[in-house]
Structures are given as C-alpha cells and as structure tokens.
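# A closer look at the structure
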Amino acid sequence: MNLQRCLAHLDEAIAAATALGLDASAAASVRETARTRLGFPSDAYVLALAGGTGVGKSTLLNAIAGQEVSPASSRRPTTAEPVAWVPADRRHDLSGLLTWLGVTHVREHGADSLGELAVIDLPDFDSIAPAHRERVDALLPRVDAVAWVVDPEKYKDEVMHGGYLRRFGPQLRHQLVVLNRTDLLSPEDATRVSDDLRTQLRREGLADIGIVITRAREGAAGVTEFRHWLDSGVQAKRVIASRVAAEAHQAVRELATSAGVADGEVTPLIDPGRRERALASVARGVLALVDIPGLERQAVAATRLAARPRGAGPFGHVTSWVYRLTGRARASADPAAYLRRWQLRGSLAPAVEPLRELIAATLPTVPAGVRGGLAALSTPAVFEQRLVDTVDGSLTAEAAEFRVPSSALWSVIGLAQYGVTAVLLFCALWFAALFMIDDAPVGSVTVPFLGALPTPVVLLAATLLVGFLLAQALRIHAGWLGRRWARRIGERSTREVRQRMTDSLLLPIERFDSAREQLANAARGAAADCG
Amino acid sequence: MDSVASDLIDRSDRLADLAEQRLGLAPTNPSAHERARQLRDHLEGFVRPRAADLEAPLLVLLLGPTGAGKSSLLNTIAGAEVSRAGVLRPTTREAVLYASEGDAKQILSGGRLRLASTDRIVHAMAPVTSSGVAVIDAPDIDSVERDNRLLADVLLEACDLCVFVTTATRYADLVPWQVLRRVRERGLPLVVVLNRVPVDARDRDVVMADARRLLGEAGARETDGTLDLITVDEGDVDPRVHGLAREKVRPLLDRIERLASESEERRRVAAEALAGAVRGLAPLVHAVADDLEHEAIDAEALRRIAETSFAEELAALSRTLRSGVLLRSEVLRRWHDFVGADQITRFVSSGLGRLRGLLMTAFRGTPTAPVAMVEEEVVSTLEALALRHASDSARRTASTWSDRSDAAALIDRDPTLWSASEWLAPAIREGLATWMRATIDDVRLGGGRKRAVAQVAALGVNAVGVAVMLGVFAHTAGLTGAEFGIAAGTAFLNQKLLEALFGERAMEQLIEQARARLDALLTSLFTHERERFEALAPPPTMLRELATQLRAAVEGLRA
C-alpha cells in the first residue's frame, strides 16, 4: 500500500469522472474526509462500536473498560450521544479529532495495552429515533475501524446487513463482527449462530470480516476474545492509512463502475471499423459539397483567363478586361473563392448523418452514467460546427496557397501574336495603299504575285492562319496547364479535408475515451496502491 | 345479507378493481406503490370476504420481527411443536397456518390468501374443537430475507386479529414500528406480546413502562383505552413444545379458546375488525387518490418537456426547409440545365422562341430530366434533417428527464431514448416516397386544367412532379450571391415552367398542397417519436379519472 499514490489515484479518478460528466461529489467528499483525517495526529485510531438497539454496545464497552464508561440500560434506545473512551495521555492530542467527529462525551482510560485506541460507543441505527441513525451515518465515514455488534436476535436484520455492512464493509480494513449476548444461548447454539452469520457474510462478499463471540454482561471474562483482538498489536498508523486507502479505493471503484471501466479494460466507445466507415462517408458527403469537379472547372478557367492578357496579343487585354468588368471572372474563374464558398452549396445535414447514426448506435452500449455526457457532446449540431470549422480551416489554408500557373511560353506566343498583329496591320496598309493609290502620280504599282495569287492575299491568309494557330496553341497550353493544376489542387483539397477530418472531427469523443482510459488507469492504480 | 353488507361488497369489488388498475400503472414512487398494494390486498384479502361472510373462520396473525418468538407462541397455542423455533435467524421462511381441516380448506381455497403464494403456507392440523379460529404464524418482517416481508405484508392485510410479538430488545426497532402503524391504520384489533422481558425487577419496570408508553403514543390501544399487553419473561419457556410458558400467555390462549367456542364472540371480533377496516378504508383510498393526482402533475410535467422539445425541433426543421438553401447546388445546376433547355422553354415562351423550341425538339428530342438524381437528393436531405431534429428532440427530452428523480430510471432503462428510434429512418423514406407519389398524382391530373394534362404528359409526369417538389424547397425569396444564384435561378425557371403549364393559381395550389402534405408527414413522424416518451408517463387524464373514481367509490361509506 502506498497512501500517497493511492490518494493521487483518487484525484485522477475524480478529474476523469468530472470530464465524463459523472457525479463525483461522493468521491470528492471521500477525498475531503481523507485529507482531514490525515491532518490529525495518527498515533491513535478510532474504533466505533456500531449496532442495533439492545445488542449491548455500551455493555461491551463497559466490560472492556472494567467500569461504567457508557450508561447501559434496558430502556430502548439507550445511547443517544456517542461516548468516546480514550487513552488518558492522548486526550489532549485527540481533542481536535474528537471535535471533528462531533463527540463531546469523553471518558479516559489508562490501559497501556490499548494506548493507541480510542473507542466510540455509537447510538443505535435501527430504532424509532431517526436522530440516532443520522448520527451514525455522519460518524461512520470518519472513524478508522468498526466493531459491528450483533446479538442472537438481530444478527440477520436487513437494516444491519443491507443498510450498513454491505455499504461500509468494503470501505473498512480493520473491522470485526462481535456476536454479543451469547449468554442467552448454549455454547453449541452460539457456534451455530456464528457459523450462520459467517455464511451470510460470505454471501455478501464480506468473508474476510472476523467474528468473535462475547458475553458482555459477564464483564471482562465474557469479552476476552474481543479484548484479544483489540490488543493484537496493530499500529494505529496502519489502521488509519488502510482505512483511508480502502475508502479511496472504493470511491475510485464506484466511479470506474459507473463509467463502465471497473475491470480496468477500456475498449473504445466506438468500434474502430464503424468509425472509419462513418468518417469515410462523412468525407464523401463533404466533398460532394466542396464539389471538386466544379473547383477544377474554375481552375482551368482561371488559368485561361490568366493566359489571355499575356499570350493573346493586344486583343487579349481587352477581352480579359471585359471579363473582369462583367464579373464573369469572379463567378466562374476564381477557384479560391469557389472553395471558400463551399458551405453555400447545400445543406450539411446529409454529410453529418453517418455520425449521428454512429452515435445513436453507440449510446445504448455506453454505461448509463455517461450516456448524457456523451449525447451532449455528440449532437449533429456539434458535429456540424466541428465539421465546418475543420473543413473551413483546411480549405481556407488551401485556397490561400492557390497560385494560378503561368508559363514563359505564353509571353513567346504573346510576342508572336503582336508580330501577327503587326503583319496584319501591314497587310491592311498594303491593301489600303493598293486601293488608295490606284491613281498613282508616278507610274503604277505592280502587285507581286506568288504563283497564281497576289502576295498580299497570301500574306493575309497566312497571317490569319498563324494567329489562329497561336491562339489555339495558347488555349491548349493554358488548358493543359490549368487541368494539371486543377487536378493537383483538387487532390490536395480532397486529401486535406479527409486528413483534417480524421484528425479532429471526433476529437471530443476521443477526449471522452481518454478520460475513460484515465479512470481505468486510476482504478488499476488504486487496486495496486490502496490494497 | 343486509343492504349495508351488499353495499360494502359492491364498493369493495369496485375499489379492488380500481386498485388493481392503479397498480397496473406501475407507480414509480415506492410508498405510492406500497399504499396501492395495501389497498388491493386489504380489499381482496379482507374487506370483501369479511363483508360477504361474518361467520367465516377468524384469522389470527402472529406478526413480528425475527427472533421475537412468533413460532414459539404458535407452538404454545397448538400445544405441540407445529412451527420450527430455533436460534438461527430467520427461523421460518414459510407461514404456518394452524387450523382445523375444514377451516384450512376454506381459507386456502377461498380468495382471502389468493395474493400470498400458497406454496409458502404450510398447514398444521388443528383439532376440530378449535374450528372457527385459524392462527397463522407469519415469517419475519425485518431479516435479510426480503421475501418474508412481502409475505407478511400480504397476510397483515387479510387477518382479523393481530398478535404482535416483540421483545425487550426489539420493542423500539423502527421496522416493526412501521408495520404497527399499518395495523393501526387498517383498524385491526391488536394484542401485543412482549417477550424476553428481563427478570431483574428494576430492568423489568423500566422496560414495561417504556414499552407501554411507546405503544400508547403510537395509538396501539383498544377502543376502550386499555392496551392488550402480555409479557413473557426471559427464560419463560415450555421446552416440551419449544414454546413460550403456557401460564404467561394464558390471557391470549383463553381468548383464542373463547373465540373458538363462542360463535357470537367470533362474530363480534369479526364485526369489530370489519368496522375498523371500513374506518381505515377512506383515508387509504384518499391517500392512493392523492398519489395519483401527484403523479398526474408529474406526468403532465414530463409530457410537457417532451412536447416542448419535439415542437421546437419540428419548428426548427420547418424553418430549415423554408430557408431556400437545402439541396446541393450541383444537383440544382443539373435541374437548371434541364428547365433552361430550349426544348423546355418553348412551353414558356411564345413567338420566335416557341418556334425555335419546336425546331430544336424536332431535331434533338426532349432532353431527359435528372428526375432520379433530384428525388434522391430530396429524400436524403430531408431524411438527414428530420433524423437530426428528431434525435435532438429525443436527446433534449432524455436529458431533462434524467435530471428528474421521477424519470431518471425510465431513461436509464431504455438507452435508445437518447436518439431517434430505429424505426424513424425507414419510416421517413417510406413517407417521402408516398409523398412524392401523391405529388405526381396531383400533377398527372394537370392541376385541374385540360390543356395542362397533355403538356405534362409531353414533358413527363415525373419531371413535372419533381418541379413541383422543388417548388416547395427552392424559392427565390432572399437569395443573393454567386452560390445562391443557381438556387434562385433554378427556382425562377422552375416557377416559370409550372406557371406556363398550370397557370399561377393552380401552380400555387399544387405547391401548397405538396408542402402541407410534407408538413403533415413530418408532424406525424415526430408525434410517433414523441409517443415513445409519452408511453412512459401515463396519461394525466387517466390518472385523474382513476383518482376521481376512487374517491367516488368511498363517498358516503360509513362504518
């Protein structure tokens, strides 16, 4: 046992349980009690005598003390206020502890062999006086050890077993059942009763609680077995530490149980296979909205638009200026903006649906205590928001990287187009000259012939052909570049969306899982360190 | 049988029936359940049979905590060891019925102990001389064997006289005290046996005075103001029969003997028990009715939570459907291409455009509408949205219910309540298919226009049906921007086409009809989902009605 580590596991468990949305208030009060108890001197431990009315708790204490410490009476219920019986030399040290316990009736003893022991005679827990029961319920979590006192009449009462033993038994290490008033029975019957009681304890999973038989009414002689147990040289420190550890262990175990990880095994809430499938179909849904083919069309258009002013000669400037002015460029040749507007292209609901279905199928397999927490952090709206944030983040980053490709070839083609324009201009001038200076003052102009055709006509046709071919070359080249780029950004966007989604869409559920893992670890650690 | 008795029998039957109905509603509050059970057991086990026959054998019940000496007392009464007494607790798991053969047969075969499992009642034969009085030794009420308590509770409701056995250690225990309170409430004649009283004179006086005081305070007194308290000292035993000392319990033995021998006395005790029972009946019935009314308030609150959640989510769903951005623009673009094609616009246009359209149709034929694509898009989007909002309603309801102590267990029991039911997804698909068929049927009839019928047939009934469905979702209101452009453009063209086919009024009617059908479908689906929750909270009106009937059934009941 390592108390420090044990309490650390309790802290971990409380933190994990809070993250899971479980009610950890009981565990927190255990932690509080443990800390307070450890703050008091630990060279004496507190043993409570607990039992129903009339089983002889006070008589038992008196028999051990050899004097009347706590008044015993036939009147039921007798003891209303707990009475403490403490070593005389420790009374001063113990006063803080006793105040915390709320015990004001204190008697002293000088028994050396019981130097580390303070006994508290508790009120009953089964009479018609509800205040007694409340007192016991408040005190029991704070004492270090308990002697459960029963008698032949009451040893199998449901109040005792259901209300106290089964509840507090697992949280105590130093405890014992005292079968008192056996003077009412023959020795054989006392043994039979004791065996029956042992069977019952075993049935309740409390087999390691010992049983002693006493006859307190006969005084010290009747309680030797019990006295022997008290004297058996346990160290107060150990009793206190083991009690705190047991309580902490129990608290951790309860939290782990309500999170469904009590056995220390944590299987992910969501089956990995189903999870992959769901994520894949979400990605499909999102990509349908992102519309990669549309993005590629835009990319190709943008590339062509970029090629036009550089490679289409003087008229290219005019047309691209017209495109920009009319907004056609913005609407159909701006892949970055197209990507950023992905959300406006329809409802996200069908894309999120596989996740909703996944959670709906998972919830029934989750322990009841964490269902509400899981349901709250996995609503379709939450998923949609996460999806929007995730995809937005990746697409915006992606869009910022978009650089419309360009090529030196465009400038060459552009230059050639300028040449073509110049030649065209020359041809035009030529024709104009031919018509205008028809009536030449000096001689006539002979039109050169190239074969059967006049040279200007051939030149014009050839130039137009070259211009057309250049324009086609630009178109094909820009289209080719654009498509290559489009494919690249399409692939990158797809990859980015898939990647980011896998990484972060189910993050809250992964955190939930890791809190469960943490709780399971705390439970395993507590089993090792609180034992 | 006099009229008073027959009135009582009628009322008993009615009340027992109502109590049974009430138990059928599975009260969540344990004490409410306990009261309803007491009422039913009491009516069936005692009031009705006793009102029917005052001469039936008197049932004397030995009741008390474990180890108090009930079995020992029965042995003393029988003068033989008929019930096992021992040191191991609880001694008895069965109830021992000590009665003559005829009496036992009458009691066991009659209805009085119907609610107690008869295999847990052992018959010990009594001589014929003790006919008329049957003594039954109940199992304990407070040991770890909880079944024992259940059996004792049933027996308590059925008996005519209760002998409460306790001890000097036990007399202030809480559990028996709660049972004694019920004894008093049901007006049952009571005898208290205080066993194992200390022999020491001073202790004895203390115990006696205290026990008397407590019993007196608890109202365990006979009507004449005396308390029937019999004390047995520690060690006063009769070892021959494993019983209590005969002379100590003589008063009780005498009383039982007298009851056996004098039928008049028997009748008197039976009548007294019945009178007490009738006095105690009205308060119990009213308490059960109060429980019902409280439950009605709780059920109402629970139902309101479900109602609000589902109504709010349904409203949110409707808003989304009307928002205009619903279907993917990819799909809309395809539809846009279809309705925007020249061959289709010929329906809309006139003059040259119409001529051009006719020519194009002649060359290219009518383009095929992307019907299946749009339909699938409509179905999958609506399905996803409806599932989302239904799931959210369920989650909100489950979450609010879980925070309430009266409903948390209901939610824990059925984890599927946290989201939409499995039934919903197929139901939506089926409902939408029906909705589409209905819309297409409307279209086939041409919205009541003869000319339209032929044109619709030319375009394809399914395609026009899809156009109407799109008219429900895609509309031009408030849509701007590049992406909305396609939605708005499609809506505009779509509307033009429908208007050309049907005329403005008929078109609006068609769309409105389709929209109303869709709303009705979603409302009914949501109602069906909500009913999963409502099934867990009984209808408040039914609870109130039951309470009223209960109160009415004891109205004017006099002892």
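Worth saying up front: this structure is predicted, and the values here are computed from it rather than measured. One numbering rule holds for all chains: residues counted from 1, following each sequence as written. To label them, take the chains in the order written and letter them from A, then take the ligands in the order written and number them from 1. pLDDT decides what is reported in this predicted model: residues at 70 or higher carry local features, side-chain atom pairs at 80 or more are listed and counted, and totals for whole chains, interfaces and linings draw on all residues regardless. Side-chain figures throughout are based on the complete set of non-hydrogen atoms in the structure, without hydrogens or water.

### Considerations on the overall build of chain A
Helical segments are the DSSP runs of H or I of at least four residues, strand segments are the runs of E of at least two, and each set is numbered from the N terminus. Within chain A, the regular secondary structure consists of 20 helices and 9 strands. We compute the radius of gyration from the C-alpha atoms alone; for a globule the expected value is 2.2 Å times N to the 0.38, where N is the number of residues. In summary, chain A has a C-alpha radius of gyration of 45 Å against a globular reference of 24 Å for 531 residues, an excess of more than 25%. By principal-axis analysis of the C-alpha atoms, chain A measures approximately 160 × 40 × 35 Å. For every residue, the accessible area (1.4 Å probe, protein chains only) is compared with the maximum for its type, and the residue is labelled buried under 20%, exposed over 50%, or partly exposed between those bounds. Taking all 531 residues of chain A together, 51% fall into the buried category. Put simply, of all contacts in chain A between residues at least 6 apart along the chain, 80% involve residues at least 24 apart. Contact between two residues is taken to exist if any of their heavy atoms lie within 4.5 Å; hydrogens are not considered.

### Describing the overall build of chain B
Counting its regular elements, chain B contains 20 helices and 9 strands. The C-alpha atoms of chain B give a radius of gyration of 39 Å, which is well past the 24 Å a tight globule of 559 residues would have. Along the three orthogonal principal directions, the C-alpha set of chain B runs to about 125 × 50 × 35 Å. Burial statistics for chain B: of 559 residues in total, 56% are counted as buried. Here the analysis covers contacts within chain B between residues at least 6 apart in sequence; of these, 80% occur between residues at least 24 apart. Carbon and sulfur atoms form 53% of the exposed surface of chain B, whose accessible area is close to 23,400 Å². Residues scored as charged are limited to Lys and Arg (positive) and Asp and Glu (negative), so that His and the chain ends carry no count. To locate a charge, take atom NZ for lysine, CZ for arginine, CG for aspartate or CD for glutamate. Here chain B holds 70 positive side-chain charges and 81 negative ones, and the gap between their average locations is 6 Å. In these tables, accessible area is a Shrake-Rupley quantity obtained with a 1.4 Å probe, and a residue counts as shielded only by the protein chains included in the view.

### As for the interface of chain B and chain A
Each partner contributes to the interface: chain B provides 55 residues, whereas chain A provides 56 residues. Around 4,400 Å² of area is buried between chain B and chain A when both sides are counted, 57% of it from carbon and sulfur atoms. Salt bridges are counted wherever a side-chain nitrogen of Lys or Arg sits within 4 Å of a carboxyl oxygen of Asp or Glu. Inspection of the chain B/chain A interface yields 7 salt bridges. Note that A:Asp157 is salt-bridged to B:Arg170, the shortest N-O span being 2.4 Å. Nitrogen and oxygen atoms within 3.5 Å of one another constitute a polar contact, given that in protein one can donate a hydrogen and the other can accept it, and given that sequence-neighbouring residues count only through two side-chain atoms. Connecting chain B to chain A are 20 residue pairs in polar contact (both at pLDDT 80 or more). Counting only elements with at least two residues in the side of chain B that touches chain A, the list comes to helix H6 (174-185), helix H7 (201-217), helix H10 (329-340), helix H13 (371-402), helix H14 (408-413) and helix H18 (482-502) of chain B. At 9 residues, the largest contribution of residues to the side of chain B that touches chain A is made by H13(B). In this classification, Asp, Glu, Lys and Arg are treated as charged, Ala, Val, Leu, Ile, Met, Phe, Trp, Tyr, Cys and Pro as nonpolar, and every other residue, Gly included, as polar. Here the side of chain B that touches chain A is composed, by residue class, of 26 nonpolar, 11 polar and 18 charged. Using a 1.4 Å probe, buried area is obtained as the accessible area two parts lose upon being combined, added over both of them.

### Observations concerning the sheet that holds strand S7 (residues 210-213) of chain A
Residue and element names in this part refer to chain A. Strand order across the open sheet formed by 7 strands is S3-S2-S4-S1-S5-S6-S7, with mixed pairing between neighbours. The open sheet has two edge strands with one neighbour each: strand S3 (105-109) and S7. The sheet shows a mean angle of 25° between the axes of neighbouring strands, direction not considered. When strand S1 (residues 45-51) meets strand S5 (residues 145-150), the two strands line up parallel, connected through 5 bridges. Within S5, the residue paired with glycine 51 across the bridge is valine 149. Strand pairing requires that DSSP identify at least two bridges connecting the strands. Under this scheme, a helix contributes an axis fitted over its contacting stretch, all axes are lines through C-alpha atoms, and angles between N-to-C directions fall in the 0 to 180 degree range.

### Overview of the state of the cysteines
Put simply, a disulfide is two cysteine sulfurs that come within 2.5 Å. Using the criterion set out here, one finds 1 disulfide over all chains in the structure. Here A:Cys6 connects covalently by a disulfide to A:Cys530, the sulfurs 2.0 Å from one another. Given an S-S torsion of about 105°, the disulfide between A:Cys6 and A:Cys530 has right-handed geometry. Residue A:Cys6 is found in helix H1 (residues 3-19), and its partner A:Cys530 is found in the segment after helix H20 (507-529); the two are separated by 524 residues along the sequence. Under the relative-accessibility criterion, A:Cys6 is labelled buried at 0%. Note on B:Cys162: no disulfide assigned, nearest cysteine sulfur contributed by B:Cys159 at a separation of 5.5 Å. The exposure class of B:Cys162 is buried, given its relative accessible area of 0%.

### Topic: the pattern of salt bridges
Per the stated rule, a full pass over the model turns up 75 salt bridges over all chains. Of the charged contacts in the structure, one is a salt bridge between A:Asp126 and A:Lys154, with a shortest N-O distance of 2.8 Å. Of the two residues, A:Asp126 is situated in the loop between strand S4 (117-121) and helix H5 (130-139) and A:Lys154 in the loop between S5 and helix H6 (158-168); the sequence distance between them amounts to 28 residues. Considered together, A:Asp126 and A:Lys154 belong to a single accessibility category, that of buried residues. Its salt-bridge partner being A:Asp513, residue A:Arg516 comes within 2.9 Å of it at the nearest N-O pair. With a gap of 3 residues between them, A:Arg516 and A:Asp513 both fall in helix H20, about one helical turn apart. Each of A:Asp126, A:Glu153, A:Lys154, A:Asp157, B:Asp142, B:Arg170, B:Asp173 and B:Arg196 takes part in salt bridges that share partners, so that together they form one network.

### A look at the packing of helix H2 (residues 30-52) of chain B against helix H5 (residues 146-158) of chain B
The axes of two packed helices give the description: the angle between them and the distance between them. All names here are of chain B. Look at H2 against H5: their axes get within 7 Å of each other, and the N-to-C directions meet at 50°. Comparing their axes, H5 and H2 come out oblique. Like other packed secondary-structure pairs, H2 and H5 cross with a definite hand, here right-handed. Residue-level inspection shows Glu34, Arg37, Gln38, Asp41, His42, Gly45 and Phe46 of H2 in contact with H5, the latter providing Asp153, Val154, Glu157 and Ala158. Convention used here: angles under 35 degrees read as roughly parallel, angles over 145 as roughly antiparallel, angles from 65 to 115 as roughly perpendicular, and any remaining angle as oblique. The sense of a crossing depends on the near helix, which, turned anticlockwise from the far helix by less than a right angle, makes the crossing left-handed and, turned clockwise, makes it right-handed.

### Concerning unusual backbone geometry
Put simply, A:Arg76 and A:Pro77 share a cis peptide bond, and its omega is -25°. Residue B:Pro90 is reached from B:Arg89 by a cis peptide bond, and omega for that bond is -20°. Note on placement: B:Pro90 falls in the loop between helix H3 (70-78) and strand S2 (95-99). Of note in this structure, B:Ala26 is not a glycine but carries a positive phi near 45°. Its place among the elements puts B:Ala26 in the loop between helix H1 (3-24) and H2. Residue classification places B:Ala26 among the exposed residues on the basis of a relative accessible area of 52%. You will see that B:Arg196, though not glycine, has its phi angle at about 55°, which is positive. Positionally, B:Arg196 belongs in strand S6 (residues 190-197).

### Notes on the confidence of the model for chain B
Every residue is assigned a pLDDT by the predictor, reflecting its confidence on a scale from 0 to 100. In the predicted model, chain B carries a mean pLDDT of 86, and 92% of its residues have values of at least 70. Among the scores for the predicted complex, ipTM is 0.79 and pTM is 0.80.

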